[in-house]
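# Descriptive analysis of the structure
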Amino acid sequence: NTLCILKKYQTEHLTAINQLHTSMHNIRMSDIGLAGIKDMCAITYQFCTIRNISPKFVQRVNDKMKRHHHHQKDEDGSSGKSNMIQVGNFANVDFSLNQGDLLGNVFEIVIRDVQRIAFRFHRQKEANAKNENGDKCSSVGRCNDDENNSNNDDLNVVLEEKMIPCTTSHIDNMVQRISKSGFINFYGEQRVGNAGLKSVVGVRSFEIGRAMLQKDFKLAIDLLMTGRLKSYRNISGNSGGNDEEGGKKKEEQKDGDSDEEYIESREIRHVRKVWKESGGDPTATLKAMPSPGRGGGVGAGGAMMARERAVLKGLKRYGKDNALMAIRCLQHGVRMFWINAYQSYVWNLAVTERIRRLGTKVAIGDLYVQNRKDDVFCGDNDGEGGGGSRKKDVCIVS
């Protein structure tokens, strides 16, 4: 087996594995071993094992990927950083890595252009809009059924979210609050999806998991194929639709289909458009996908939209009416990622309700971890690769 270090940038975990898989041809996906999942938006380095492949062969594949990447850079004038993976530091080993086979991670963090979510409440006629469930609400906010609204049947309090710059004073206040009261251990956007309105950010990871738990596999596939929409850069520039100049700017961006506005590339957005306009035709959608060899590395075209590609091939093989079998064409870990995303979302809702009802003080029934001097250090085995932990006793407040 070959042990190496995998470097990736702006490349999602499964896409990186698929790119390696398609570049090496004679290996299975399961032959590639990684101890955890690394952030897509960071420059990350992690140990990787490749079963039954020599280091010399992996090095040749890496050289080929680099040549292809520089060739594409010269063709499209890109910076050379996008959708990039490399492997190096090769060694022969007699083991394979599995998720959880690590003691921890080391981070070097650069903070720039920090933003935070801002909320604005305003009243609006209930008749203006309805949400997807038929409930009355604003098109720029979400329904609010608080008791404060019961005094006026004609008006509805609407919550609007948007991203704004995070000031030094706000950061100082948050540090003081954490020092005094601690912090709520919410799951973040890597697990549940980007914050913001659905009309702006598109489908979030937990929505696919929820559909799967409800055994609505057709909906799960449609959500997967719908994908994400706009980026934080666009959200932060959102004026809420009430500013005339901001409204014109958004309209111009929409008409021009600016790449700066979206998370996903034009090629991926085209695939999703074909899926929608064809009524979910897997054959037509597969034809619209980039051909192998395009998109940032050897075999990257085959790795792009790896989840979607696998599910579409499943639909083509088993038929559109057998969505469950199409979902099963994905690896177990991929399917469980969406399930875990919904579990994390439920946790966020539950802890939010607990804080709303009881505040931040300890209450009867709370669970806590008791620290002991003889705690035993162990690796993280939750599949996230989130670092080491210590075996501790969990107690209940009585």
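Above this note sits the structure.
Our subject in this report is the structure included herewith.

Turning our attention to the packing of aromatic side chains. The description of an aromatic ring pair rests on the distance of the ring centres and on the angle between the ring planes. Within this structure, the stated rule accounts for two aromatic pairs. Between Phe-206 and Tyr-345, the ring centres sit 3.8 Å apart and the planes meet at 5°, which makes this aromatic pair stacked. With Phe-206 in helix H6 (residues 205-213) and Tyr-345 in helix H15 (residues 332-358), the pair connects residues that are 139 residues apart, well separated along the chain. On the accessibility criterion, Tyr-345 (22% relative accessible area) is partly exposed. Clustering of aromatic rings is evident, with ring pairs tying together Phe-206, Tyr-342 and Tyr-345.

Membership of the largest hydrophobic core comes to 47 residues, with the highest contact counts inside it found for Leu-20, Cys-48, Ile-50, Ile-208, Met-212 and Ile-221. Considering every element that reaches this core, the biggest residue donor is helix H7 (residues 217-226), with six residues. With residues up to four places along the chain from it excluded, the contact list for Met-212 reads Phe-217, Ala-220, Ile-327, Arg-335, Trp-338 and Ile-339.

Turning our attention to the sheet that holds strand E4 (residues 84-92). The strand order across the open sheet formed by four strands is E2-E3-E1-E4, and the pairing between neighbours is antiparallel. Looking at which strands have only one partner, the edges of the open sheet turn out to be strand E2 (32-34) and E4. Neighbour to neighbour, the strand axes of the sheet diverge by 30° on average, direction disregarded. Summarising the sheet, strand E1 (residues 2-9) and strand E3 (residues 43-50) pair through eight bridges and their orientation is antiparallel. The residue of E3 that forms the bridge with Tyr-9 is Ile-43. Across the sheet, helix H1 (residues 13-24) is in contact with E1, E2, E3 and E4; its angle to E2 comes to roughly 150°.

Another point: the environment of Gln-331. Residue placement: Gln-331 occurs in the loop between helix H14 (323-327) and H15. Since its relative accessible area comes to 35%, Gln-331 is described here as partly exposed. The sequence separation of Gln-331 and Arg-307 amounts to 24 residues, and the corresponding C-alpha distance is 9.2 Å. In contact with Gln-331, not counting residues within four places along its chain, are Leu-14 and Met-29.

What counts, and at which threshold
Residues numbered from 1 in each chain as written. Predicted model: local features only at pLDDT ≥ 70, side-chain atom pairs only at ≥ 80, totals over all residues. Heavy atoms only, no water. Phe/Tyr/Trp six-rings, centres within 6.5 Å; stacked < 30°, edge-to-face > 60°. Helix = DSSP H or I, 4+ residues; strand = E, 2+ residues; numbered from the N terminus. Buried < 20%, exposed > 50% of the residue type's maximum accessible area, 1.4 Å probe, protein only. Core = buried A, V, L, I, M, F, W, Y, C linked by side-chain atoms within 4.5 Å. Contact = heavy atoms within 4.5 Å. Pairing = 2+ DSSP bridges. Axes fitted to C-alpha atoms, helices over the stretch in contact; angles between N-to-C directions.

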